[in-house]
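Close look at the chain arrangement
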Amino acid sequence: MQKHRLNYWLLNGAFFSFFVAWSFSFSFYAIWLKQNVGLTATDIGFVFSINALVAFILMPFYGFWQDRLSEGKTLLYVVALTILCCGPFFNWLYQPLLKSNFWLGSGVGALFTAVSFGAAVGVLESFIERLSRRDGFEFGRSRMWGSLGWAVATFFTGLLLNWYPQSVFWLSSLAGIVFLFCLIRVTTPTSSASLSCQRHITKPGLSDLLQVLKLPEFRRFAFYIISVPCIYQVFDQQFPVYFASKFADPQLANIYFGYLNSSQVFLEAALMFVTPALVNRMGARRALIFAGGIMAIRILGSGLATGMLAISALKLLHAVELPVLLVAMFKYIAAVFDSRLSTTLYMVGFLLFSQLSAMVLSPFFGYLYDHYGYANSYLLIGSVVVCCTLLSAFWLSPAQTGLKPVSQ
C-alpha cells in the first residue's frame, strides 16, 4: 500500500512536469509563430498541419508499442530524453530553419514535436490510466496535476515571451529533467508473483486491434471524435492569435492571455478532481455528448461575442469541457471495447483522429481566418459541431451506465 501511495505521487509529478514542459513550449506556440517567427495565419495553419501529419504517422506505433509494453517505461524514457532537448532544438535549430527554409523547418519541427509531445501525451495518459486501475485510484485525480502544471507554466510564459522568448524552451528542458526523475522512480511489477500473473494475460496482437476497428461501435465512436472534439481542437489552435488581435499592444495581449489561460487551467484542474464522480453518475455516453455541447457553445459564442469579457468567459468553458471529455473517453473505451487495447484505442480513436483532422483542416481554417475573419469562421465551424453533436447523441453506442467509482 505504501508503495502504491508513493507511485501515486510520482505519477502526479510525472503529469505535472510533462505538462509544465509542454506548456512552456506550446501554450503560446501560435503567438510565437506569429510574433517571433513572422508567419501568417495560413502559414501557421500549414505548420499545425505538418505537425499533425507526422504525429498521425507516429501515433499508431506509439500506441501499439505501449500496449505491448503494458506497464513498461521504455517508450516514456525516449519521450523524456527528447523533452530534455527542447531548449537547444527550438532556439538553435527550429526558429532559424523556419525563417530560412519554411518547409524544411516545418518538417524537422513536426518530427520533434510529435516525438516529444504530440504523440507522447497519449502514451503518458494511457500509461497512468492503466496504473490507476492497478493501484486503485481515479485517473482524473492524477490527471489534475497535469492541468496544474500547464496552468503554472502558462502563468509565466506570456511574461517570459515578452522579456526573453528563448527562455521558455530552456525551461521546458529543465522540466524534462524532473519528468525523467519521476519516471525512473515509478515502480512497475517486478516480483515473481506479478510476472507470473502477467504471463497468463494474453498480450494484444494486431489481429485483436483489427477486429476492434471493424466494429460498428468503433465507427460510431470515430464519427463523434472526428466531427466534434477534433474540429474543436483545430478551432482552438489559433484562438490565441484571435485573442491577441483584440489588443493594440501585442505584449499586453501576451500578458493577459497568459493570465486567462492560466486561470482556465487552474479551474480545469479543480474540476478534474470532481469530474470522475460526475461522469460516473451521468454515464460515459451522456458525458461525451455533454462535452460536445460545451464545445459547440464555445465556438459559436466566440463568433458572436464582441467584448473581451465575453470572449474571456467563453475561453473558461474549456475548463469544464476537457475534464469531462478525457474521463468519459477512457471510461467509454473501457466499457465498450477490449481494455487490453486501451492505449491503442485512445491514441487511434482520439489522438490519431485529432491529428488527422488538424492535418486536413488547419490550412483550411487558416485560409478562412485570413479571408473571412475569425468571427465569421467561428460561426460556420460551430454550426458544423452542433449538427454532429446532435447526430452523435443518437449514434453513440450505449456504454455501461452508472459506472461505479474506483476506490482510492
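What counts and what doesn't
Residues numbered from 1 in each chain as written. Predicted model: local features only at pLDDT ≥ 70, side-chain atom pairs only at ≥ 80, totals over all residues. Heavy atoms only, no water. Helix = DSSP H or I, 4+ residues; strand = E, 2+ residues; numbered from the N terminus. Buried < 20%, exposed > 50% of the residue type's maximum accessible area, 1.4 Å probe, protein only. Contact = heavy atoms within 4.5 Å. Areas by Shrake-Rupley, 256 points an atom, 1.4 Å probe, with all protein chains shown as cover. Expected span 1.5 Å × (residues − 1). 1 Å grid on protein atoms, 1.4 Å probe; cavity = no way out; pocket = protein on both sides within 12 Å on 5 of 7 lines; lining within 4 Å. Points joined across faces, edges and corners; volume = space filled by probe spheres on them. Nonpolar A, V, L, I, M, F, W, Y, C, P; charged D, E, K, R; others polar. Salt bridge = Lys/Arg side-chain N within 4 Å of Asp/Glu carboxyl O. Axes fitted to C-alpha atoms, helices over the stretch in contact; angles between N-to-C directions. Parallel < 35°, antiparallel > 145°, perpendicular 65-115°, else oblique. Left-handed = near helix turned anticlockwise from the far one by under 90°. Phe/Tyr/Trp six-rings, centres within 6.5 Å; stacked < 30°, edge-to-face > 60°. Lys NZ or Arg CZ within 6 Å of the ring centre and 35° of its normal. pLDDT = per-residue confidence, 0-100. Patch = residues over 30% accessible without salt bridge, like charges linked within 9 Å, V, L, I, M, F, W, Y side chains within 5 Å.

So, about the overall build of the protein chain. Across its full length, the protein chain holds 20 helices and zero strands. Within the protein chain, buried positions represent 58% of all 408 residues. By sequence separation, contacts in the protein chain at least 24 residues apart represent 87% of the contacts at least 6 residues apart. Summed over its atoms, the accessible surface of the protein chain is roughly 16,500 Å², and 69% of this surface lies on carbon and sulfur atoms.

Right, let's get into helix H7 (residues 120-135). With 16 residues, H7 should reach 22 Å at 1.5 Å per residue; the first-to-last C-alpha distance of 22 Å fits that figure. Looking at the residues trailing H7, positive phi occurs at Gly136, about 80°.

In this structure the tally under the stated criterion is three cavities of 30 Å³ or more. There is about 1,100 Å³ of room inside the largest cavity. Lining of the largest cavity is provided by 46 residues; of these, Trp22, Trp150, Gln233, Asp236 and Gln237 occupy positions nearest its centre. The greatest single-element share of the lining of the largest cavity, amounting to seven residues, is contributed by helix H13 (residues 229-237). In terms of residue class, the lining of the largest cavity is built from 28 nonpolar, 12 polar and six charged.

Under the criterion given, the structure shown has one salt bridge. Linking Arg298 and Asp236 is a salt bridge whose minimum nitrogen-to-oxygen distance equals 2.9 Å. Taken together, the positions of Arg298 in helix H16 (residues 284-304) and Asp236 in helix H13 put the pair 62 residues apart, joining distant regions of the chain. The exposure class of Arg298 is buried, given its relative accessible area of 0%.

The next point concerns the packing of helix H5 (residues 86-100) against helix H6 (residues 102-118). Where H5 meets H6, the axes come as close as 7 Å, and the angle between the chain directions of the two elements is 155°. Taken together, the axes of H5 and H6 lie roughly antiparallel to each other. Crossing geometry of H5 relative to H6 is assigned as left-handed. Contacts between H5 and H6 involve Cys86, Phe89, Phe90, Leu93, Tyr94, Leu97, Leu98 and Ser100 from the former and Phe102, Leu104, Gly105, Ser106, Val108, Gly109, Phe112, Thr113 and Phe117 from the latter.

Taken as a whole and assessed by the stated rule, the structure comprises 47 aromatic pairs. Taking the centre distance of 5.5 Å and the plane angle of 90° together, the rings of Tyr29 and Phe48 count as edge-to-face. With Tyr29 in helix H2 (residues 29-37) and Phe48 in helix H3 (residues 41-69), this residue pair connects regions lying 19 residues apart in the sequence. Residue Tyr29 shares its accessibility class with Phe48, and that shared class is buried. Judged by centre distance (4.5 Å) and plane angle (25°), the rings of Tyr369 and Tyr374 are stacked. By relative accessible area, which is 14% here, Tyr374 ends up buried. If you follow Arg298 out to its NZ or CZ, it ends over the ring of Phe239, 4.6 Å from the centre.

What follows concerns the confidence of the model for the protein chain. Residue-level pLDDT values for the protein chain average 82, and 85% of them are 70 or greater. Of all the helices and strands in the protein chain, helix H10 (residues 192-199) carries the lowest mean pLDDT, 42, while helix H9 (residues 167-185) carries the highest, 94. Note that residues 190-201 has pLDDT below 50 and, in this model, six contacts with residues that lie over four places away or in other chains. Between residues 400-408, whose pLDDT stays under 50, and residues either more than four places distant or in other chains, the model counts 20 contacts.

Here we come to a nonpolar patch on the surface. On the surface, a cluster of nonpolar side chains totalling about 670 Å² of accessible area is made up of Val152, Phe155, Phe156, Leu159, Leu252, Tyr256, Tyr259 and Phe266. Elements that contribute at least two residues to the nonpolar patch include exactly helix H8 (139-163) and helix H15 (250-282). For Phe155, the location among the structural elements is in helix H8. Of the residues examined, Phe155 reaches a relative accessible area of 33% and is grouped as partly exposed.

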